[in-house]
Amino acid sequence: MLTVRKNRELHSGMIAPKRKNTGQIIKKDFKKNWFAYLLAIPVIAWFLVFCYGPMWGVLIAFKDFKPLLGFADSQWVGFKHFIEFFEGPYFWRVVKNTLLLNLWGIVFGFTAPILLALMLNEARNSRFKKVVQTITYMPHFISLVVVCGMIHIFTADEGIITQILQFFTGKEYSSLLGYSSMFRPIYTFSGIWQSIGWESIIYLAAMSSIDPALYEAADIDGVGRIKKMWHITLPQISPVIVILFIFAIGGLMASGYEKIILLYNPLTYDTADVIASYVYRRGLREASLSYSTAVGLLSAIINFALLWATNRIAKRNSEVSLW
């Protein structure tokens, strides 16, 4: 076959250039950019030691791990812990709560920074714009523990949020964090308050790269501000929105357990207990390390599947994707 191919190339007068294999390409690139590779070594080592190395620990999800026996001598039990989770009384509760809490976050928390960035982009008074940006950025720098402490104070019996709610509804409330129906709104909107300004930076940065000629042409045509936002600003920043949306869907089965643990209590477990907080209770407080690892591993696999599927759909429909 090789002889035939060479004869064809000679007869046609064309000789195909030799293809370099991957090793040769890397070797050539290393000679050219050796200093950049040298700088990357500590980062790669950090990932290998602290991110990929501990991944071997997920094997205890398939073992009945006993600390006294150690990692190697603990008994293999296959999918026992996964089945126990599926058949357990808390399976549907934690899955439903995780999905609903994250869907609330996507519906309200994902769109809020986009709306703020659009409004700030349209603001003509630069001083007003800076004041709003400063006020909305500040909560991002407050410690999560302090934020949760503030939420506890504001939603207590005499808290300002409780008083406002009583004024509008005419009902008497004790601490709002004692009502399971109140947990999702408190968790979601306090998260928006804490992150809306910081997350809007990405969209404002994307808007700053839009060609001003597009707006000038729209002004000549007499297009209003709303239509300019709809037909120019949003389409121009849509790749950024799609990328961040893919990340948001990829974390659909994960919630920040720190804030939930600081806010929830047994009275609100019906709506507040999620996979991450359940893993924390079973793993650290009840010492069921293998069981909690199995639940956490299952959550991570589902998240990866959602990320892959969303990325594939986005690539097919908008040609914007992570890979």
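The coordinates are above.
These remarks concern the structure in this document. Just so we're clear, the structure is a prediction, and the values are computed from it rather than from any experiment.

### Some points on the overall build of the protein chain
The secondary structure content of the protein chain amounts to 16 helices and two strands. On C-alpha atoms alone, the protein chain measures out to a radius of gyration of 27 Å, which is more than a quarter above the 20 Å that the 2.2 N^0.38 rule sets for 323 residues. Taken over 323 residues, the protein chain has a buried fraction of 34%. Residue pairs at least 24 apart in sequence account for 64% of intrachain contacts in the protein chain once pairs closer than 6 positions are excluded.

### Some thoughts on unusual backbone geometry
Phi is positive for Ala287, which is not a glycine, with a value near 60°. Secondary-structure assignment places Ala287 in the loop between α15 (275–285) and α16 (289–318).

### Some points on the pattern of salt bridges
On inspection of all chains with the given rule, the structure shows six salt bridges. Among the ionic pairs, Arg225 bridges to Glu122, the shortest N-O distance being 3.8 Å. Placement of Arg225 in helix α12 (residues 225–250) and of Glu122 in helix α6 (residues 91–122) is noted, with a sequence separation of 103 residues between them. Judged by its relative accessible area of 10%, Glu122 is buried. Of the charged contacts, one joins Asp219 and Lys228 as a salt bridge, the two residues approaching to 2.7 Å between their closest N and O atoms. A single salt-bridge network, built from bridges that share partners, covers Arg93, Asp273 and Arg281.

### Quick notes on the nonpolar core
If you look at the biggest cluster of nonpolar residues, it comprises 25 residues, and the most contacted ones within it are Tyr203, Met207 and Ile237. Listed by contribution, the elements that provide at least two residues to this core are α6, α7 (126–137), α10 (180–208), α11 (212–220) and α12. Beyond its immediate chain neighbours, meaning those up to four positions away, Tyr203 contacts Phe110, Pro113, Ile114, Ala117, Ile237, Val240, Ile241 and Leu244.

### Considerations on α15
Side chains of residues three or four places apart in an α-helix project in the same direction, reflecting 3.6 residues per turn. When α15 is considered as a whole, its buried residues turn out to be Ile275, Ser277, Tyr278, Arg281, Arg282 and Gly283. Close packing links the buried residues of α15 with α5 (80–87), α6, α13 (257–263), α14 (269–272) and α16.

### So, the environment of Leu234
Locating Leu234 in the fold gives a position in helix α12. Assessed through its relative accessible area of 22%, Leu234 is described here as partly exposed. Each C-alpha atom, one on Leu234 and one on Ser74, is 55 Å from the other, the two residues being 160 residues apart in sequence. Discounting residues that sit within four places of it in the chain, Leu234 has contacts with Ile114, Leu118, Met229 and Ile241.

### Here we look at the packing of α11 against α12
Geometrically, a packed helix pair is captured by the angle between its two axes and the distance between the axes. Two numbers describe how α11 lies on α12: the axes approach to 11 Å, and their chain directions differ by 165°. In terms of axis orientation, α11 runs roughly antiparallel to α12. Seen along the crossing, α11 lies across α12 with a hand that is right-handed. Contacts between α11 and α12 involve Leu214, Tyr215, Ala218 and Asp219 from the first element and Lys228, Ile232, Thr233 and Gln236 from the second.

### A look at a nonpolar patch on the surface
Together, Val43, Ile44, Trp46, Phe47, Leu48, Val49, Phe50, Tyr52 and Met55 make up a nonpolar patch on the protein surface, roughly 960 Å² of accessible area in all. Within the secondary structure, Tyr52 sits in helix α3 (residues 34–52). Taking relative accessible area as the criterion, Tyr52 reaches 49% and is therefore assigned partly exposed.

Here is what the cut-offs are and how they apply
- Residues numbered from 1 in each chain as written.
- Predicted model: local features only at pLDDT ≥ 70, side-chain atom pairs only at ≥ 80, totals over all residues.
- Heavy atoms only, no water.
- Helix = DSSP H or I, 4+ residues; strand = E, 2+ residues; numbered from the N terminus.
- Rg over C-alpha atoms; globule rule 2.2 N^0.38 Å.
- Buried < 20%, exposed > 50% of the residue type's maximum accessible area, 1.4 Å probe, protein only.
- Contact = heavy atoms within 4.5 Å.
- Salt bridge = Lys/Arg side-chain N within 4 Å of Asp/Glu carboxyl O.
- Core = buried A, V, L, I, M, F, W, Y, C linked by side-chain atoms within 4.5 Å.
- Axes fitted to C-alpha atoms, helices over the stretch in contact; angles between N-to-C directions.
- Parallel < 35°, antiparallel > 145°, perpendicular 65-115°, else oblique.
- Left-handed = near helix turned anticlockwise from the far one by under 90°.
- Patch = residues over 30% accessible without salt bridge, like charges linked within 9 Å, V, L, I, M, F, W, Y side chains within 5 Å.
- Areas by Shrake-Rupley, 256 points an atom, 1.4 Å probe, with all protein chains shown as cover.

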